[in-house]
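Summary of the model geometry
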Amino acid sequence: MDKRSKNRLPEQCLFMNANGEIMSIEYGKSGFRRSKLSTENRQANREIVNSYNEKHGITAEQVKIMRNGALFGWDDLHAPQLQQNPSVKGGCIFEMEISRPGTFGENTTAEVSLPATPYELTDAMDKACVIDVYTSEILSCELEYLPQLISPNANLYELNHLAHRLSSLSEWELDCFEGMVMMDTIQTQYAPIALDRLINMTHSMEHCQIAREAHDDLSLGKFYAENGFVQELETLPEGVFPWLDYSKIGKEMREGEGGVFTPHGYVVQNGEISQTYRRGDATPLERPDYTVLLRVTKGFFNDPEYDNDQVVFLKLPADDMALSQAVEAVGAASPEECAFSAADCMVPCLTEKIGDALYASDGDSYGLVNELAQKLQQMNVRGNILTYKAMIETVSGDINLEDALDLSHQIENFSVIKEASTPAEYARFMLSKYCIEFENELFASTNLHRYGEKLIKEKGISLTEYGVLWSLTGQTVEQCLNRPSQSHSMEMK
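This write-up is about the structure you can find in this document.

Criteria and thresholds
- Residues numbered from 1 in each chain as written.
- Predicted model: local features only at pLDDT ≥ 70, side-chain atom pairs only at ≥ 80, totals over all residues.
- Heavy atoms only, no water.
- Helix = DSSP H or I, 4+ residues; strand = E, 2+ residues; numbered from the N terminus.
- Buried < 20%, exposed > 50% of the residue type's maximum accessible area, 1.4 Å probe, protein only.
- Contact = heavy atoms within 4.5 Å.
- Areas by Shrake-Rupley, 256 points an atom, 1.4 Å probe, with all protein chains shown as cover.
- Pairing = 2+ DSSP bridges.
- Core = buried A, V, L, I, M, F, W, Y, C linked by side-chain atoms within 4.5 Å.
- Phe/Tyr/Trp six-rings, centres within 6.5 Å; stacked < 30°, edge-to-face > 60°.
- Salt bridge = Lys/Arg side-chain N within 4 Å of Asp/Glu carboxyl O.
- Axes fitted to C-alpha atoms, helices over the stretch in contact; angles between N-to-C directions.
- 1 Å grid on protein atoms, 1.4 Å probe; cavity = no way out; pocket = protein on both sides within 12 Å on 5 of 7 lines; lining within 4 Å.
- Points joined across faces, edges and corners; volume = space filled by probe spheres on them.

**Description of the overall build of the chain**
When its secondary structure is counted, the chain shows 18 helices and 15 strands. Going through the 493 residues of the chain one by one, you find that 45% of them count as buried. Of all intrachain contacts in the chain linking residues separated by at least 6 positions in sequence, the fraction that spans at least 24 positions is 67%. Of the roughly 26,900 Å² that the chain leaves accessible, carbon and sulfur atoms contribute 48%.

Right, dumping it as structure tokens:
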């Protein structure tokens, strides 16, 4: 099954570029081509594109994927919503739950998919209100055999690094990895495998071999004998082969090599496990030195002598010199010849919106994105980035980059009580302002959860994944965007 049939992509699709011309994309080919259907009338071109794609059942999402393939290559198309199994996110290896033990038995949790970007991991910690102690649990794994072999107290950052490594492997390499894992489990009687060893296995495919025809000693012995891998059999006439005990030959070869049978065939690793990764290397010493990370590539111009596959990452906020250096690094003459996409953002929910804005405007939104990156940097220095993320969460409906930038100017009017991530914790936080005799006894005998819910409702504040968000002015986040609020105005008491 080829990539196109797997992702159910069309052989060809049309779209309209920034100049109003109709462009054609052919599956598997790089770059765009001006369609013969293109006219000088922008509106007419729009109708032609819509009509063509609708007639052939081509969705806007498929056009986006086709455009990404034409720009960045067709070998690794991630189209989660078009996969045969919609429950598995494209490229996702682990689904994790992070938990922080809470007071009154109310733990705070957050889910995150691995591999994750640095800020996606940080955001999950923020949502779980992690301060120091937390636990992580694997909810599901693309490699079903793996979770039972990973220690429950595995380092989350090393687990994320392993997920990054696994998501980059080919099908053959993943089969080799499974074989190496099985070899270890047999030797250790299924004891958990250290994460650094699992990571180093992903670097150790050089000496691996797979015999896909062999699934037991009989088929392995026959495979080895018929392909000349058993030196003792080289001088025997062919007429003797039907009389050989292939099961015995296979068993002796397997035990001598230390190979294993997997669902994908017989796997043997004839070298040492790499020592490329050292324990602790994946644990960050500090946060990333950017607030927005852009992936920069050169546009395709259907000129083999001019096009290239260079990729660089631009850290925002950036000055004109940094932008020029990125443009030069990919071999482009100007930013207009480059394609920009979002790789990471300090506020992860804005990553996709940044990418969409850059994609829709062919890079014209770069200035807006860089300005937002500067505001994020300022908020991070002042320590109110958590408040900003809570504000974004409370906005109903979609939010664009202009809205996100507007809210960054309102940050001083809001605050988050991160210690209160549940109604019960908020109730205790409010009651702690008063001198209460026998406080612990009162808290133990009172329904603080119900009391906290009533306080939240009466005060008109918001309980977000990042804690309780309250306004210093009484104005809601929706009102800051000049949107009609569905709730009563806040009454700060």
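**A closer look at the pairing of strand E5 (residues 108–114)**
Most of E5 is tucked away: five of the seven residues are buried. For strand E4 (residues 94–100) and E5, the ladder comprises seven bridges, and the chain directions are antiparallel. The partner of Met96 across the bridge, within E5, is Val112.

**Some words on the nonpolar core**
Among the nonpolar cores identified, the biggest contains 50 residues, and Tyr388 and Leu407 are the most heavily contacted of them. Not counting the four nearest positions on each side in its chain, Tyr388 is found in contact with Val347, Leu350, Leu372, Leu376, Met379, Ala404, Leu405, Leu407, Ser408 and Ile411. Counting residues in each nonpolar core, the second largest holds 38 residues, with Leu159, Leu162, Leu166 and Cys208 among its members.

**As for the packing of aromatic side chains**
Throughout the structure, instances matching the rule amount to five aromatic pairs. Judged by centre distance (5.9 Å) and plane angle (45°), the ring pair of Phe223 and Tyr224 falls under tilted. Here Tyr224 and Tyr266 contribute two aromatic rings whose centre-to-centre distance is 6.4 Å and whose plane-to-plane angle is 85°, an arrangement assigned as edge-to-face. In this pair, Tyr224 is assigned in helix H8 (residues 217–226) and Tyr266 in strand E9 (residues 265–269), connecting sequence segments 42 residues apart. Taking the relative accessible area as the measure of exposure, Tyr224 reaches 6% and is therefore buried.

**Description of the pattern of salt bridges**
Summed over all chains, the structure comprises 14 salt bridges. Across the pair Lys29 and Glu26 runs a salt bridge whose closest N-O atoms are separated by 3.2 Å. Given the relative accessible area of 39%, Lys29 is considered partly exposed. The class for Glu26 is partly exposed, based on a relative accessible area of 27%. Ionic contacts of the salt-bridge type, sharing partners, join the residues Asp123, Asp126, Lys127, Lys389 and Glu465 into one network.

**Overview of the sheet that holds strand E10 (residues 292–298)**
One open sheet holds the three strands; their spatial order is E11-E10-E12, and the pairing between them is antiparallel. Whereas interior strands pair on both sides, the edge strands pair on one side only; in this sheet they are strand E11 (311–316) and strand E12 (338–345). On average, each strand axis in the sheet is tilted by 30° relative to the strand beside it, whichever way the strands run. Relative to E12, E10 is paired through seven bridges, and the arrangement is antiparallel. Directly across from Leu293, in E12, lies its bridge partner Asp344. Packing against the sheet, helix H11 (residues 351–360) makes contact with E10 and E12, and its axis sits at approximately 170° to E12.

**So, empty space enclosed by the protein**
Scanning the model with the defined rule gives one cavity of 30 Å³ or more in all. For the largest cavity, the calculated volume is near 40 Å³. Lining the largest cavity, in full, are Tyr119, Thr122, Asp126, Arg287, Met346, Ile385 and Lys389. Of all elements in the fold, only helix H4 (118–127) and helix H13 (385–394) reach the threshold of two or more residues within the lining of the largest cavity. Here the lining of the largest cavity gets three residues from one element, more than from any other, and that element is H4.

**A short note on H8**
Of the positions making up H8, those classed as buried are Asp217, Leu220, Gly221, Phe223, Tyr224 and Ala225. Where H8 is buried, its residues contact strand E7 (208–211), helix H9 (246–257), strand E8 (260–262) and E9. Remark: Gly228 follows H8 within two positions and exhibits a positive phi of approximately 75°.

**Details of the sheet that holds E4**
The three strands lie next to each other as E5-E4-E6, forming an open sheet whose pairing is antiparallel. Bordering the open sheet on either side are E5 and strand E6 (135–141), each of which pairs with just one other strand. Direction aside, neighbouring strands of the sheet carry axes that sit 25° apart on average. In the sheet, E4 pairs with E6 via six bridges, with the strands oriented antiparallel.

**Observations concerning the environment of Asp364**
Mapped onto the fold, Asp364 is located in the loop between H11 and helix H12 (366–382). Through-space distance from the C-alpha of Asp364 to that of Phe340 is 9.9 Å; in sequence the pair is 24 residues apart.

**Regarding unusual backbone geometry**
Cis peptide bonds are those with omega within 30 degrees of zero, and the linkage from Leu114 to Pro115 qualifies with 10°. Mapped onto the elements of the fold, Pro115 is located in the loop between E5 and H4. With an omega of 5°, the peptide bond between Leu316 and Pro317 qualifies as cis. Following the sequence through the fold, Pro317 ends up in the loop between E11 and helix H10 (320–329). Its identity is not glycine, yet Gln189 carries a phi of approximately 55°, on the positive side. Here Gln189 shows up in the loop between helix H6 (171–188) and helix H7 (195–201). According to the relative accessible area criterion, Gln189 is exposed, its value standing at 70%. We note that Tyr190 has phi near 65°; this positive angle belongs to a residue other than glycine. Here Tyr190 lies in the loop between H6 and H7. Exposure remark for Tyr190: the relative accessible area of 60% places this residue in the exposed category.

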